[in-house]
Structure formats: C-alpha cells, structure tokens
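Descriptive analysis of the structure
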Amino acid sequence: MAEENLKGLLEQASESGARRALAGLGLDDSHAAKDMGELRELLSAWRDAKRSARKAAIGWLVRLALALLLIGLAVKLGLPGLVLQ
C-alpha cells in the first residue's frame, strides 16, 4: 500500500511541476500546441537558411580560389593578355 501511495504522490508532483514549468514559459493555454508547432517550423526554416547561406559562401570561395589559380597560371605562363583583358 505504501508503494502505491508513493507512486501516486510522485505522479502528482511531476504533473504539478510540469504544469508550473509550462505556465512559466507561457505554454499553458489552448494555443500552446499551435505555438510549439510554429516555433518548430521557424527553427527548421532558420536551420535551412543557415545551411543554404553556408553552401553559397563555400561555393563563392571555391570559385574565387579557382579564378585566382587561373590568373596565377596565366601570369606564370606569360600570358598577360589574358589577365589584362
């Protein structure tokens, strides 16, 4: 009997604590599920934007490095006409 009472008390305390934590975050109303869904979508969009920006920056850096390599080769091979055009 004491074990059942202890389990009941623990469940009640954990539910009460969870309710207080959600209330502290402002997620204790009927719109909380919708708000959490929107926050997840926003976070996902932010991560996608960061990933796209990183890929674009890396692409530009690779292009710049290749352009510099081609200019260096043109100068090294004595083709200043290609560099100065």
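Here is a short report on the structure shown in this document.

Here is what the cut-offs are and how they apply
Residues numbered from 1 in each chain as written. Predicted model: local features only at pLDDT ≥ 70, side-chain atom pairs only at ≥ 80, totals over all residues. Heavy atoms only, no water. Salt bridge = Lys/Arg side-chain N within 4 Å of Asp/Glu carboxyl O. Helix = DSSP H or I, 4+ residues; strand = E, 2+ residues; numbered from the N terminus. Buried < 20%, exposed > 50% of the residue type's maximum accessible area, 1.4 Å probe, protein only. Patch = residues over 30% accessible without salt bridge, like charges linked within 9 Å, V, L, I, M, F, W, Y side chains within 5 Å. Areas by Shrake-Rupley, 256 points an atom, 1.4 Å probe, with all protein chains shown as cover. Phe/Tyr/Trp six-rings, centres within 6.5 Å; stacked < 30°, edge-to-face > 60°. Lys NZ or Arg CZ within 6 Å of the ring centre and 35° of its normal. Expected span 1.5 Å × (residues − 1).

Counting across every chain of the model gives three salt bridges. In this structure, Lys 7 engages Glu 3 in a salt bridge whose closest nitrogen and oxygen atoms are separated by 3.7 Å. Of the two residues, Lys 7 and Glu 3 are both situated in helix 1 (residues 2–24); the distance of four residues between them amounts to about one turn of the helix. Given the relative accessible area of 55%, Glu 3 is considered exposed. Across the salt bridge formed by Glu 15 and Arg 19, the nearest N and O atoms sit 3.8 Å from each other. Taken together, the residues span about one helical turn, with Glu 15 and Arg 19 both in helix 1 at a distance of four residues. Here Glu 15 falls in the partly exposed class, since its relative accessible area comes to 43%.

The next subject is a nonpolar patch on the surface. On the surface, Ile 58, Val 62, Leu 66, Leu 69, Leu 70, Leu 73, Leu 77 and Leu 79 cluster together into a nonpolar patch covering about 780 Å² of accessible area. Positionally, Val 62 belongs in helix 2 (residues 32–76).

It is worth spelling out the packing of aromatic side chains at this point. Overall, the coordinates contain zero aromatic pairs when judged by the stated rule. Its end group placed over the ring of Trp 60, Arg 63 keeps NZ or CZ at 5.3 Å from the ring centre.

Attention now moves to helix 2. Here helix 2 contains 45 residues, and its C-alpha end-to-end distance of 65 Å stays within 8% of the 66 Å for a straight helix at 1.5 Å per residue. Phi turns positive one or two residues past the end of helix 2, at Gly 78, with a value near 75°.

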